[in-house]
Amino acid sequence: MFPDPGGAGAAMVGVGPGHLPRRFGALAGLAAAAVALGAAEVVAVLTGARSAPLVAVGGVLVDLAPAPLKQFAVDVFYVYDKIALLVGTAVLLAGFAALVGLVAVRSLPLGYAGIALFGAVGVLAALTRPGAGPVAALPSLLGAVLAAGVLRLFVAGPPGRALTAAGPPGRTLTAAGPPGRTLTAATPAADRTGPGAAAPPALGGRADPGPPAGPAGGTEGTPLPPSVSAYPDEYARRRFLTGVGLAVGAAAVGGFGGRWLSTRRGVSAARAAIELPAPTSPAVPVPADADLRVPGLSSYVTPNRDFYRIDTALVVPRVDPAQWRLRIHGRVRNPITLRYADLLARPMIERHITLACVSNEVGGDLIGNARWLGVPLGPLLAEAGPLPGADQVVGRSADGWTCGSPTGLLTDGRDAMLAVGMNGEPLPIEHGFPVRVVVPGLYGYVSACKWLVELELTSFADFDAYWVPRGWSAQGPIKTQSRIDTPRRGRTLSTGPVTVAGVAWAQHVGIRQVEVRVDDGDWQPATLAATVSTDTWTQWSWRWLATPGEHTLRVRATDATGAVQTGESRPVDPDGATGWHTITVTVT
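Rules behind the numbers
Residues numbered from 1 in each chain as written. Predicted model: local features only at pLDDT ≥ 70, side-chain atom pairs only at ≥ 80, totals over all residues. Heavy atoms only, no water. Helix = DSSP H or I, 4+ residues; strand = E, 2+ residues; numbered from the N terminus. Buried < 20%, exposed > 50% of the residue type's maximum accessible area, 1.4 Å probe, protein only. Contact = heavy atoms within 4.5 Å. Areas by Shrake-Rupley, 256 points an atom, 1.4 Å probe, with all protein chains shown as cover. Salt bridge = Lys/Arg side-chain N within 4 Å of Asp/Glu carboxyl O. Phe/Tyr/Trp six-rings, centres within 6.5 Å; stacked < 30°, edge-to-face > 60°. Lys NZ or Arg CZ within 6 Å of the ring centre and 35° of its normal.

A. A look at the overall build of the chain. Secondary structure assignment for the chain yields 11 helices and 23 strands. The proportion of buried residues among the 588 residues of the chain is 51%. Residue pairs at least 24 apart in sequence account for 75% of intrachain contacts in the chain once pairs closer than 6 positions are excluded. Of the roughly 25,100 Å² of accessible surface on the chain, a fraction of 61% belongs to carbon and sulfur atoms.

Below you can see the structure in the form of C-alpha cells.
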C-alpha cells in the first residue's frame, strides 16, 4: 500500500488478494504481527505484564518444557536463558506471521484465520497464568484485531473509496471500491501511434491490449488481468516498504514503551523510599582475613549486581509493598496474614548466608554469599501452630511458582528467614522484592521462594512443588562442594610459584579442610581463610611450585563432620551435582 500521488485526498491503496507479490505478502504479515505485539504490550501495562502474548506463551513453554531441556538452556545460556527463550519465541512467531502474509495474498479470509489462531494461542496462554482474570485476554484480543486490520490494509487496501497508484511515467492505475474491484489502465493519446495501436507494456511487464482512444485524445479504461502485479514500479515498492517500516517502527515504540512502563509502575520508587529497620541481632562483622583478595578469586561477599539469578519468571514480578500480603495457612491452628509494615515491625536478624542453585555444575558459579536482613521464620511458623503431619512448608510466589521445604529444617534453630534486605539495601526487585525466603543449607529450588505471597503448611505426601513433577527430588540439601577460581582452566602459566585459590562450602555444617592435587600426586592441604559462620562459603589458597608441562589440578573439601567430598561425577539432576572440580593448565 502507498499514498495516492494524485493530490489532496490521497489514500492508502491495496489491490486485493491475488495481486500482491508474495514477498510483499510476507512483509505484510510481519508488519501485522509487529503491530499486534506492540499494541499488546501497551495494554499489558494495565492488565499485567504476564498477559502480553509473547510473555504468556513463553511462560507456558517454560512450564511444559521437560527438565532436561530446561537444564540444557541453563547450561548453554546461563542466566540469559529467559532472554534466549523470548528471542526464540519471537523468531517462531515471525515465521508464522510471514506465512500468514503469504497465505493472505491468495486468500484474505485464510490470513484472518491465521491471525485468529495467533490470538487464540495468546488468550489461552494468558488465561492459564497463575492469578490471571478475564482481563488477561485483552492484550491478545486487541492485538489480533489490530493485526487483522493492518493485514487488510496492506493486502487489499481500505474499502469503499476510489484509489490511485502511480504507474510508469504518463500512465495511471486506478482502483475503486472494496475487494473484487476492477483495476484499469489508461494511456494518454500522445503515447499512441494511432487508434487501436498497442499500448506500452502494462504492469508487471505484460502486454496490455490498450484501451481505444476517446474524444479529444481521452481513453476508456480496459480491465487488467488478475495476474498483473499490484506494485509495478520502484516508486510503488518504496511506498509499500515505507508503510511497512512505519508500522513496524510504531509497533516497536509501543512495544518497548509498554515494556518499560510495565517495569516501572511505582514499584521502583516504592522500593527506593523504604528505610529498613535496624536488626535486633546484627550480623557478625566479616574478619579482615575472610577475604584473601587474590586476583581472580570470588569476593567473600557477592555484590548484588553480580549475584546469580535463576528462576522461571520471564517477566520479573513487580509487587507493590503497600499491597503486599503474606498468608500463612493450611494445616495450622492459627492462620496468619501479614502486611509489609507488619513484617518490618517484627524483630529482625541479619546474617551472612550462601545460596546455591541446584543447577550449579561442579565448578560452576550459580552460587553467591550475601548479608541478608529478615524476620526469623521458625518463630513465625510456631505462632501459626503447625498441625501433626504438616511436614512441608510450601512457598508461593506472586507469579504462582512453588517450592517445598521440610518444616523440621525451618524450625530447627537455623537462621531461616523472610528476607527483606540484601547487602544493606531493600531486596533488589529481580531478587524477590519485597520479601523472599532464605534458608541456610537448602538448594534454592526447595527453599528460596522470591516475591513471596504465601506459606502453606501441608505434607510431602499431599503436594508436589513446581520442580518435583519435573523429575527433581522433593528435598534438596546442599552438597559439600569446592571450586578452583584461579588459575582458570586452559591458562598458560610461568614456571615457579603459583597461587591456586578458590571457595568451598558445606552450608550449615562448615568446612574443615580443603586439599589440592596436581596430576596423580598426593593431596596437599590448602590454607583456609576465616569465615563468619558455617552458613557461608570459605575461601582457600595453596602455593604451588609449578613445573613445565601440562598439568591437571583437582580440589576436594572435607566438611566439619569429617565427611570428604565425593569424587563420583553426577549430573545436577535430581538433587545436585557431585565430583571434584578439575582444570588443566600449561606451564612454560
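B. Highlighting the pattern of salt bridges. In the structure shown here, the tally under the stated rule is 15 salt bridges. Residues Lys-450 and Asp-311 are paired through a salt bridge, measuring 2.7 Å at the closest nitrogen-oxygen approach. You can see Lys-450 sitting in the loop between strand S13 (436–438) and strand S14 (452–458) and its partner Asp-311 sitting in the loop between helix H8 (267–272) and strand S5 (325–330), a full 139 residues away along the chain. Comparing Lys-450 with Asp-311 shows no difference in burial state: the two are buried. The residue Arg-483 makes a salt bridge to Asp-485 at a minimum N-O spacing of 2.6 Å. The same class applies to Arg-483 as to Asp-485, namely buried. It is possible to trace a salt-bridge network through shared partners that takes in Arg-309, Asp-311 and Lys-450.

C. A look at the packing of aromatic side chains. Tallied over the full model, the rule gives 9 aromatic pairs. Ring plane angle 20° and centroid distance 5.4 Å describe the contact between Phe-307 and Tyr-308, whose orientation is recorded as stacked. No difference in accessibility class separates Phe-307 from Tyr-308, as the two residues are buried. Where Phe-307 meets Trp-372, the ring centres are 5.9 Å apart and the plane angle is 85°; that geometry is what we call edge-to-face. With a gap of 65 residues between them, Phe-307 in the loop between H8 and S5 and Trp-372 in strand S8 (residues 367–376) connect regions that are remote in the sequence. Considered together, Phe-307 and Trp-372 belong to a single accessibility category, that of buried residues. Chaining the aromatic ring pairs together yields one cluster made of Trp-401, Tyr-445, Tyr-466, Trp-467 and Trp-472. Seen from the ring of Phe-463, Arg-396 lies directly overhead, with NZ or CZ sitting 5.4 Å from the centre.

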